[in-house]
Number of protein chains: 2
Amino acid sequence: MARPPRYSTDQLLDAAAALAGTGGPAAVTMTAVAKSAGVPSGSLYHRFPGRPALLAEMWLRTLGRFHVSYTDVLAGPGEPRPLALAAARHVVEWSREHPQAARILRYGAADFGKESWPAPALERLESANAQVMSAVASLATRLGATDDTARERVTAALIEVPYGLVQRHLREGTPVPATAVDMAADCAEALLPPA
Amino acid sequence: MARPPRYSTDQLLDAAAALAGTGGPAAVTMTAVAKSAGVPSGSLYHRFPGRPALLAEMWLRTLGRFHVSYTDVLAGPGEPRPLALAAARHVVEWSREHPQAARILRYGAADFGKESWPAPALERLESANAQVMSAVASLATRLGATDDTARERVTAALIEVPYGLVQRHLREGTPVPATAVDMAADCAEALLPPA
DNA sequence: CCATTATTAGAGAGCAGTCTCCAATACAAA
DNA sequence: TTTGTATTGGAGACTGCTCTCTAATAATGG
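Residues numbered from 1 in each chain as written. Chains lettered and ligands numbered in written order. Predicted model: local features only at pLDDT ≥ 70, side-chain atom pairs only at ≥ 80, totals over all residues. Heavy atoms only, no water.

### Some points on the overall build of chain A
Within chain A one finds 9 helices and 0 strands. Tracing chain A from N to C terminus, the helices and strands come up as α-α-α-α-α-α-α-α-α. Across its three principal axes, chain A shows a C-alpha extent of roughly 60 × 35 × 30 Å. Here chain A holds 195 residues, and the buried ones make up 51% of them. The long-range share in chain A, meaning contacts at least 24 apart out of those at least 6 apart in sequence, stands at 70%. Within the structure as shown, chain A displays about 9,100 Å² of accessible surface, and the carbon and sulfur contribution to it stands at 56%. (Helix = DSSP H or I, 4+ residues; strand = E, 2+ residues; numbered from the N terminus. Buried < 20%, exposed > 50% of the residue type's maximum accessible area, 1.4 Å probe, protein only. Contact = heavy atoms within 4.5 Å. Areas by Shrake-Rupley, 256 points an atom, 1.4 Å probe, with all protein chains shown as cover.)

### Regarding the UniProt feature "DNA-binding region" (unreviewed entry) in chain A
Here, the residues flagged by UniProt with the feature "DNA-binding region" (unreviewed entry) are residues 29–48 of chain A. Across residues 29–48 of chain A one finds 75% helix and 0% strand; the C-alpha atoms that close the span lie 13 Å apart. (UniProt positions renumbered as here; feature names shortened; annotations may be inferred.)

### Focus on the environment of Leu165 of chain A
Following the sequence through the fold, Leu165 of chain A ends up in helix α8 (residues 148–172). C-alpha of Leu165 of chain A to C-alpha of Ile104 of chain A: the two residues are 61 residues apart in sequence and 16 Å apart in space. Every residue in contact with Leu165 of chain A, bar those within four places of it in the chain, is listed here: Ala180, Met183 and Ala184 of chain A together with Ala156, Glu160 and Val161 of chain B.

### Topic: α8 of chain A
Residues and elements named next belong to chain A. The terminal C-alpha atoms of α8 lie 35 Å apart, and with 25 residues this matches the ideal 36 Å at 1.5 Å per residue to within 8%. Ala156 marks where α8 bends most, by close to 50°. Most of α8 sits out of view: 18 of its 25 residues are buried. The first or second residue beyond α8 is Gly173, which carries a positive phi of 80°. (Expected span 1.5 Å × (residues − 1). Bend = angle between axes of the 7 residues up to and from the residue.)

### Looking at the environment of Ala150 of chain A
All names here are of chain A. Within the element layout of this structure, Ala150 appears in helix α8. Overall, Ala150 belongs to the buried group, its relative accessible area being 17%. On a C-alpha basis, the gap between Ala150 and Glu123 in space is 29 Å, while along the polypeptide they are 27 residues apart.

### A look at the interface of chain B and chain A
Contacts between the two partners involve 26 residues from chain B and, on the opposite side, 26 residues from chain A. Across the chain B to chain A interface the summed buried area is about 2,300 Å²; carbon plus sulfur atoms make up 53%. Linking chain B with chain A are 6 salt bridges, by the criterion used here. Residue Asp186 of chain B pairs with Arg153 of chain A through a salt bridge whose shortest N-O separation is 2.7 Å. Our count for the contact surface shared by chain B and chain A stands at 12 residue pairs in polar contact (both at pLDDT 80 or more). Sorting the residues of the side of chain B that touches chain A by element identifies α8 (148–172) and α9 (179–191) of chain B as the ones contributing at least two each. Here the side of chain B that touches chain A takes 13 residues from α8 of chain B, the largest share from any one element. For the side of chain B that touches chain A, the class distribution of residues is 12 nonpolar, 6 polar and 8 charged. (Buried area = accessible area lost by both parts, 1.4 Å probe. Salt bridge = Lys/Arg side-chain N within 4 Å of Asp/Glu carboxyl O. Polar contact = N/O pair within 3.5 Å; in protein donor to acceptor, adjacent residues only side chain to side chain. Nonpolar A, V, L, I, M, F, W, Y, C, P; charged D, E, K, R; others polar.)

### Digging into the relation of the copies chain B and chain A
Rotating chain B by 180° and translating it 0.0 Å along the rotation axis places it on chain A, where the RMSD comes to 0.0 Å. The transformation just described matches what one would write down for a two-fold rotation axis. Across chain B, the smallest distance between a C-alpha and the rotation axis is recorded for Gly164 of chain B, namely 1.9 Å. A share of 100% of the interface residues of chain B reappears at the interface of chain A, consistent with the copies meeting face to face through the same patch. (Least-squares fit on C-alpha atoms with pLDDT ≥ 70 in both.)

### Digging into the nonpolar core
Judged by nonpolar contacts, the single largest core of 140 residues is most densely connected at Trp59 of chain A together with Trp59 of chain B. In terms of residue count, the dominant contributor to this core is helix α4 (residues 51–74) of chain A (12 residues). Ignoring any residue separated from it by four or fewer positions in sequence, one finds Trp59 of chain A in contact with Ile104, Leu105, Tyr107, Gly108, Ala109, Phe112, Trp117 and Leu125 of chain A. (Core = buried A, V, L, I, M, F, W, Y, C linked by side-chain atoms within 4.5 Å.)

### Some thoughts on the UniProt feature "domain: HTH tetR-type" (unreviewed entry) in chain A
Those residues carrying the UniProt feature "domain: HTH tetR-type" (unreviewed entry) are residues 6–66 of chain A in this numbering. Helix makes up 75% of residues 6–66 of chain A and strand 0%, with an end-to-end C-alpha separation of 28 Å.

### A few points about the layout of surface pockets
Residue and element names in this part refer to chain A. Estimates place the volume of the second largest pocket at around 220 Å³. Surrounding the second largest pocket, Arg3, Pro4, Pro5, Arg6, Tyr7, Leu12, Val39, Ser43, His46 and Arg47 form its lining. Looking at which element gives the most residues to the lining of the second largest pocket, the answer is helix α3 (residues 41–47), with 3 residues. Residue composition of the lining of the second largest pocket, by class: 5 nonpolar, 2 polar and 3 charged. (1 Å grid on protein atoms, 1.4 Å probe; cavity = no way out; pocket = protein on both sides within 12 Å on 5 of 7 lines; lining within 4 Å. Points joined across faces, edges and corners; volume = space filled by probe spheres on them.)

### Digging into the packing of aromatic side chains
Residue and element names in this part refer to chain A. Taken as a whole and assessed by the stated rule, the structure comprises 8 aromatic pairs over all chains. For the pair Phe66 and Trp94, a centre-to-centre distance of 5.0 Å together with 70° between the ring planes defines the contact as edge-to-face. Here Phe66 is found in helix α4, whereas its partner Trp94 is found in helix α5 (residues 80–97), with 28 residues between them in sequence. Residue Phe66 is classed as buried on the basis of its relative accessible area, which comes to 14%. We classify Trp94 as buried; its relative accessible area is 6%. (Phe/Tyr/Trp six-rings, centres within 6.5 Å; stacked < 30°, edge-to-face > 60°.)

Okay, here's the thing in structure tokens:
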């Protein structure tokens, strides 16, 4: 009934992600994506209503890929404490394996113009974040974190600290050392409620 | 001998820093800085040869302010271990006290166009970083960190972990909770060589 | 083979941002 | 007062980016 697409959405997002990974948000211009993917600007605007929409899709795709692997770990079988340690390790391992994606997530959604995103994209972001936060929260209760401080410590152990361990390497473009995985686990041990 | 300056360099950098703190690197356009400071573009370009130079000065001023307070702590008197814990705490405390500055340092120099900076600015950056790294390294040896892994753990304890603890709050614009200070110290305990 | 339609293709309008240039200005020194 | 000079002030050239518009194209269903 119609002409088949020559360029896939993923292909365009790949180009955008590559630019974002190396040059940060500012490098992801519509012109640069079009050039890098070998697509005329018209085709790009046929897929995405504008730059904010493209940035939103790229961000959500990247975040989603991390989220599925992360929630997989969180939802795994076994005792909560080993699970929490595994989750902390996983953040670092995932960053080691997906440096380009991790370099994108190093920025906030705000750095990719979140405030201009189309409403559906914002909702997807909201729901993705809520899902992860609820998984972490449920693990926190299983760990015996009752008050706010204890819950904050769990969040820090599972997300913020492992992420911090990786940041500098992502910024500098150097590979994340394997020793960072153990550091994340050691910090988690120190932050989680006593066993 | 000449007309006195009406606008100080600091005043212009303040405007730039405010823009960077709220909107990130992309918000710091020469036009925006001029408008926000109430300065015509000609005056701005009289002080700074171009946008890269302005960004460099802003970054170096912000980094320098952190560095002096941080190296003060590192060079303090006393046993190395309490000193290291104090340094870890200090990173979080400083971010709590200087949220705007911390929000700037959350980005890398690369995000502020480091590759286009004038050569003298690059040298100053290099030397500032080297100074801090050497202070950390000397503390690491005093702590008994002999191999590379142990040294990496010290760096992580003193810089990367405390910084990671603060990141999310900086991104979201929420104040950094006081509990984060203790978390930084607890993680440092776990990462430093055993006492 | 024709009509329909999603997609490609690219030219170019419009705009925001950087930077240049030159005249006007205000002060210090002679 | 006069001269010299660092600075202000702003107009506008130039560039790069976003986005629009229209025509061409390639497949499908009748």
